[in-house]
Amino acid sequence: MVEKKAFVTGHPIAHSRSPKIHGYWLNTYGIDGSYYAIDVAPADFPEFLSSLEANGYQGGNVTIPHKEVAFAQVERRDEAAEMIGAVNMLWLDDGVLWGGNSDWIGFAGNLDEHAPGWERKAPAVVLGAGGASRAVIHALKVRGINDIRIVNRTLARAQELVDRFGAGVSAHGAAGDLLGDAGLLINTTALGMHGDATLAADPACLPAHAIVADIVYVPLKTPLLAAARARNLKTVDGLGMLLHQAVPGFERWFGKRPEVTAELRQMIVADILAK
Ligand code: ATR
């Protein structure tokens, strides 16, 4: 049988942990396949997309800066990609190039694993209004949360998401008095990355039953999560979202639904700490 091949493409791409994740699963399940990191400059990306089949790929992941072009150029898109307005995975089906989005599955899968029952914790406060925020809001809506409060520095971007997602979603310029009855607080901005200690919302204002999640995973314990822990709130870090978003792609390309194990997580944690 021909070896199955998939990839992650971005520019740059050397930092990507996806090859480690998929490589771990290929090895664990003894699958004859490969997963490559491919650096493609923006000017070459359309050509890269149109030659996937000729190059023998089943599909792959797409990351910065190719997500928008991928969204525009695929022939078909799954429902989540349409709702979120971004494509992070590609696959070929009978010669047709599909684009999908698994970031929202990563978000929900991570909370299912580490904070079961999270979908009963509405209202939810979401910090940020970019692509990551759209994936989180889609997950919240799919799981039935009907009070989603988007907080963004640029209010107009939060308002755009209200228009996109409709009923049950509201836009705000500051977290202020939104936290007192919130059961979920989710950071989707880059705040907290690389030691930035600015907090866009103070977990001290949340009720005792609230869950605080960050999608940033470098560092694993962001200032927001540290502040939430100090108040004895339940916290979920961002690494699980990265691991869980990889599941649907692997299943599609290699034909086996993989498991996010403690061993896999430990391997990626070690990689983060080594850098
Ligand atoms: P992504 O696709 O990763 O979500 P993005 O679309 O660039 O990235 O969105 C980044 C989000 O982080 C935005 O909500 C942005 O706020 P603005 O819309 O006001 O720009 C937010 N963000 C980034 N840096 C920030 C900062 N220093 N303070 C507050 N919000 C910040």
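In this text, all values refer to a predicted model and were calculated from it rather than measured experimentally.

The rules behind each value
Residues numbered from 1 in each chain as written. Predicted model: local features only at pLDDT ≥ 70, side-chain atom pairs only at ≥ 80, totals over all residues. Heavy atoms only, no water. 1 Å grid on protein atoms, 1.4 Å probe; cavity = no way out; pocket = protein on both sides within 12 Å on 5 of 7 lines; lining within 4 Å. Points joined across faces, edges and corners; volume = space filled by probe spheres on them. Nonpolar A, V, L, I, M, F, W, Y, C, P; charged D, E, K, R; others polar. Axes fitted to C-alpha atoms, helices over the stretch in contact; angles between N-to-C directions. Helix = DSSP H or I, 4+ residues; strand = E, 2+ residues; numbered from the N terminus. Parallel < 35°, antiparallel > 145°, perpendicular 65-115°, else oblique. Left-handed = near helix turned anticlockwise from the far one by under 90°. Contact = heavy atoms within 4.5 Å. Salt bridge = Lys/Arg side-chain N within 4 Å of Asp/Glu carboxyl O. Buried < 20%, exposed > 50% of the residue type's maximum accessible area, 1.4 Å probe, protein only. Pairing = 2+ DSSP bridges. Domains from an automatic or database assignment. Buried area = accessible area lost by both parts, 1.4 Å probe. Polar contact = N/O pair within 3.5 Å; in protein donor to acceptor, adjacent residues only side chain to side chain. Near = heavy atom within 4 Å.

J.: Describe empty space enclosed by the protein, naming the residues involved and giving the relevant values.
T.: Enumeration over the complete set of coordinates arrives at one cavity of 30 Å³ or more. Split into classes, the residues belonging to the lining of the largest cavity amount to seven nonpolar, four polar and one charged.

J.: Can you lay out the packing of helix H9 (residues 239-254) against helix H10 (residues 262-274) for me, pointing to particular residues and giving the numbers?
T.: In the contact formed by H9 and H10, the axes pass within 11 Å of each other and the chain directions differ by 125°. When the axes of H9 and H10 are compared, the pair comes out oblique. Where H9 crosses over H10, the two elements pack in a sense that is right-handed. In this structure, H9 contributes Leu239, Gly240 and Leu243 to the contact, and H10 contributes Leu264, Arg265, Ile268, Val269 and Ile272. When the residues that make up the contact of H9 with H10 are grouped by side-chain class, the tally is six nonpolar, one polar and one charged.

J.: Residues and numbers for the environment of Leu155, please.
T.: Along the chain, Leu155 turns up in helix H7 (residues 155-165). Leu155 sits 26 residues away from Ala129 along the chain, and the two C-alpha atoms are 8.8 Å apart. The contacts of Leu155, once residues within four sequence positions are left out, are Ala171, His172 and Gly173.

J.: Go over the pattern of salt bridges, please, and point to the residues and values.
T.: This structure, assessed with the given rule, holds twelve salt bridges. Between Arg77 and Glu82 there is a salt bridge; the shortest N-O distance is 3.0 Å. Accessibility expressed as a relative area gives 28% for Arg77, which makes it partly exposed. The structure contains a network of salt bridges with shared partners spanning Arg17, Lys20, Asp271 and Lys275.

J.: Break down the sheet that holds strand S10 (residues 184-187) for me, citing the residues and quoting the values.
T.: Spatially, the six strands line up as an open sheet ordered S9-S8-S7-S10-S11-S12, and their pairing is parallel. Looking at the sheet topology across the chains shown, the edges are occupied by strand S9 (169-172) and strand S12 (234-236). Adjacent strand axes in the sheet meet at a mean angle of 20° when their direction is disregarded. Across four bridges, strand S7 (residues 124-127) lies against strand S8 (residues 148-151) in parallel orientation. What sits directly across from Ala124, in S8, is Ile148. On the sheet, helix H5 (residues 103-114) packs against S10, strand S11 (211-214) and S12 and is oriented at approximately 140° with respect to S12. In this fold helix H8 (residues 223-230) packs onto S10, S11 and S12, with an angle of close to 165° to the strand it touches most, S11.

J.: For the domain arrangement of the chain, give the residues involved together with the corresponding values.
T.: What the domain assignment reports for the chain is domain 1 (4-101 + 242-274) and domain 2 (105-237). When each unit is reduced to the centre of its C-alpha atoms, the spacing between domain 1 and domain 2 is 26 Å. Taken together, the contacts link 15 residues of domain 1 with 15 residues of domain 2. Summing both sides of the interface, domain 1 and domain 2 together bury roughly 1,300 Å²; the carbon and sulfur share of this comes to 61%. The largest contributions to the domain 1 side of the interface with domain 2 come from Met83, Ile84 and His244, which together make up 41% of the buried area. Counting the contacts that link domain 1 with domain 2 gives one salt bridge. Applying the counting rule to domain 1 against domain 2 returns five residue pairs in polar contact (both at pLDDT 80 or more). Broken down by secondary-structure element, the contributors of at least two residues to the side of domain 1 that touches domain 2 are helix H4 (79-84), H9 and H10.

J.: Account for the site of the ligand, naming residues and giving values.
T.: The local shell around the ligand consists of Gly128, Ala129, Gly130, Gly131, Ala132, Asn152, Arg153, Thr154, Arg157, Thr189 and Leu191. Within the contact set of the ligand, an oxygen atom lies 2.5 Å away from a side-chain nitrogen or oxygen of Thr154. Separating an oxygen atom of the ligand from a side-chain N or O atom of Arg157 is a distance of 2.9 Å. Residues that form the shell around the ligand fall into these classes: three nonpolar, six polar and two charged.

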